[in-house]
Amino acid sequence: MLIETLNLQKHFRIGAGQILHAVDGITLNINENEILGLVGESGSGKSTFGKTLIGLHERTGGQASFNGEPLPARFSAQDHLHFSRDMQMIFQDPYSSLNPRMTVLDIVGEGLMIQGQHKRSEVRDLVAEWLKKVGLNADHMSRYPHEFSGGQRQRIGIARAMIIKPRFVVCDEPISALDVSVQAQVINLLEELKNAMGLTLLFIAHDLSMVRYVSDRMAVMYLGNLVESGPANDVFFNPQHPYTQLLIESNPEPDPALERTRAFVPIKGEITSPVNVGPGCRFADRCPKAMSHCRTVTPESVEVAPEHRVACHLFTQ
Ligand code: SF4
């Protein structure tokens, strides 16, 4: 087990005594050299979970560890330096995540310079090597981010994360801001690097078909809670939680001929507010199978098949 979280929480105080429960008790393991896909609608807490895990947000509660080493709730500068050797992040927006005033050399080489284990000339050589690995040219290193397309910028972001040779990378919606034609190229690049480097990835996305394609296991979040997790094909082709079932039914079918014959089943209503949430199932207001006690009793996670877990009262009665 490379990553373990136990009841991980991230709450934000938003004034007037109100608390936003962005992540509310996530217990999850990520095995070495696997891709765990994390899905859910916008506002489900996926990105906040990833950022809290690697110390970009202070953890409100619960525990987390990397390779058996406890991760602090609040990372000090020393903790960031220590854990960033093994844990990196690829950000969603390749436009805002690259400093427009820095050259590609400085962006990609920054982590190595901070680690302080290489001379400037060595950093330059490594940046050139990594630009080639991600499909760019070594002479791109003197240019600035605005001189590149979205897909190229995301390749720069990937090189920045990978040059450190991490063991674990959080990929936070790495393709959602890219053209469809470029998405597959970036996914293939991530898979190649994962296999070549023996990486472990947390792949956060809302495109379920893509997540099933790249992931070994899949986890589904709703309003800060984990509602279902298991082998990616089991969860995608045999979803058990009512939310996962609706999420997959509302997912567009990539084959246009099949898509035309399919009845579109949208999930009713909007995701409810994560502010000052009480007990009970958070999906109860939108769930077609809700029972009276769903609104008052929080469902426990139970194993419904080998390594396939669901948090729903339909399985706890
Ligand atoms: Fe629906 Fe109840 Fe299950 Fe929640 S616990 S998903 S409301 S059946």
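These numbers come from a predicted model, not from an experiment. (Residues numbered from 1 in each chain as written. Predicted model: local features only at pLDDT ≥ 70, side-chain atom pairs only at ≥ 80, totals over all residues. Heavy atoms only, no water.)

Novice: Talk me through the packing of aromatic side chains; I want residue IDs and the actual numbers.
Specialist: Counted by the stated rule, this structure contains five aromatic pairs. Centroid distance Phe75 to Phe83: 5.5 Å. Interplanar angle 50°. Geometry classified as tilted. Phe83 shares its class with Phe75; the two are buried. One cation-aromatic arrangement involves Lys133 over Trp130; the distance from NZ or CZ to the ring centre is 4.3 Å. (Phe/Tyr/Trp six-rings, centres within 6.5 Å; stacked < 30°, edge-to-face > 60°. Buried < 20%, exposed > 50% of the residue type's maximum accessible area, 1.4 Å probe, protein only. Lys NZ or Arg CZ within 6 Å of the ring centre and 35° of its normal.)

Novice: Run through the sheet that holds strand β5 (residues 69-70), naming residues and quoting values.
Specialist: Judged by pairing direction, the sheet is antiparallel, and its four strands sit side by side in the order β2-β1-β4-β5 without closing on themselves. The open sheet has two edge strands with one neighbour each: β2 (19-30) and β5. Contacts from helix α1 (residues 46-53) reach β1 (3-13), β2 and β4 (61-66), with the element oriented near 110° to β1. (Pairing = 2+ DSSP bridges. Helix = DSSP H or I, 4+ residues; strand = E, 2+ residues; numbered from the N terminus. Contact = heavy atoms within 4.5 Å. Axes fitted to C-alpha atoms, helices over the stretch in contact; angles between N-to-C directions.)

Novice: An account of the site of the ligand is needed here, citing residue identities and associated values.
Specialist: Inspection of the region around the ligand gives His241, Pro242, Cys281, Ala284, Cys287, Lys289, Ala290, Cys294, Cys312, His313 and Leu314 as its neighbouring residues. In this structure the site holding the ligand corresponds to the largest cavity. (Near = heavy atom within 4 Å. 1 Å grid on protein atoms, 1.4 Å probe; cavity = no way out; pocket = protein on both sides within 12 Å on 5 of 7 lines; lining within 4 Å. Sits in = over half its atoms within 2 Å of the grid points.)

Novice: Describe the layout of surface pockets, and please don't skip the residues or the numbers.
Specialist: Volume-wise, the largest pocket comes out at about 740 Å³. Lining the largest pocket are 30 residues, with Thr27, Leu226, Ser301, Arg309 and Ala311 sitting closest to its centre. Elements supplying a minimum of two residues to the lining of the largest pocket: β2, β9 (217-222), β10 (225-231), β11 (301-305) and β12 (308-311). When the residues that make up the lining of the largest pocket are grouped by side-chain class, the tally is 10 nonpolar, 12 polar and eight charged. Each pocket or cavity is described by its volume, and for the second largest pocket that value is around 470 Å³. Taken together, 19 residues line the second largest pocket, and the ones lying closest to its centre are Leu56, Ser84, Met87, Gln88 and Met89. Going through the elements one at a time, α2 (77-83), β6 (87-90), α3 (104-115) and α5 (150-162) are the ones with two or more residues in the lining of the second largest pocket. For the lining of the second largest pocket, the element with the highest residue contribution is α3, accounting for five residues. Broken down by class, the residue content of the lining of the second largest pocket amounts to 11 nonpolar, five polar and three charged. (Points joined across faces, edges and corners; volume = space filled by probe spheres on them. Nonpolar A, V, L, I, M, F, W, Y, C, P; charged D, E, K, R; others polar.)

Novice: Just give me the short version of the pattern of salt bridges, but keep the residues and values in it.
Specialist: Applying the stated criterion to the full structure yields nine salt bridges. With its nearest N and O atoms 2.6 Å apart, the salt bridge here joins Asp285 to Arg295. A residue pair is termed long-range when its members are at least 10 positions apart, and Asp285 in the loop between α10 (256-261) and β11 and Arg295 in the loop between α10 and β11 qualify at 10 residues. Classification of Arg295 as partly exposed rests on a relative accessible area of 45%. (Salt bridge = Lys/Arg side-chain N within 4 Å of Asp/Glu carboxyl O.)

Novice: So what about the sheet that holds strand β7 (residues 168-172)? Which residues, and what values?
Specialist: Taken in spatial order, the eight strands make up an open sheet running β6-β7-β8-β3-β9-β10-β12-β11, and their pairing is mixed. Each edge of the open sheet carries a strand with a single partner, namely β6 and β11. If you compare each strand with its neighbour and ignore which way they point, the axes differ by 20° on average. Both strand β3 (residues 35-39) and strand β8 (residues 200-204) contribute to a ladder of four bridges, which runs parallel. The residue bridging Ile35 from the neighbouring strand is Leu201, located in β8. In this fold α5 packs onto β6 and β7, with an angle of close to 175° to the strand it touches most, β6. Against the sheet, helix α9 (residues 242-249) engages β3, β9 and β10, with an angle of about 105° to β9.

Novice: For the nonpolar core, give the residues involved together with the corresponding values.
Specialist: Counting residues in hydrophobic clusters, the biggest one holds 59 residues, and the most contacted among them are Ile158, Met162 and Phe203. Sorting elements by how many residues they give to this core places helix α6 (residues 180-197) first, with six residues. In contact with Ile158, not counting residues within four places along its chain, are Ile90, Val134, Val186, Leu189, Leu190 and Leu193. (Core = buried A, V, L, I, M, F, W, Y, C linked by side-chain atoms within 4.5 Å.)

Novice: Give a detailed account of the environment of His140, specifying residues and quantitative values.
Specialist: Along the chain, the position of His140 falls in the loop between α4 (120-133) and α5. Given the relative accessible area of 8%, His140 is considered buried. Sequence separation of His140 and Pro72 is 68 residues, and the distance between their C-alpha atoms is 38 Å. His140 has contacts with Val104, Leu131 and Phe148, leaving out every residue within four places of it along the chain.

Bear in mind that shape data such as this cannot, by itself, settle questions of function.
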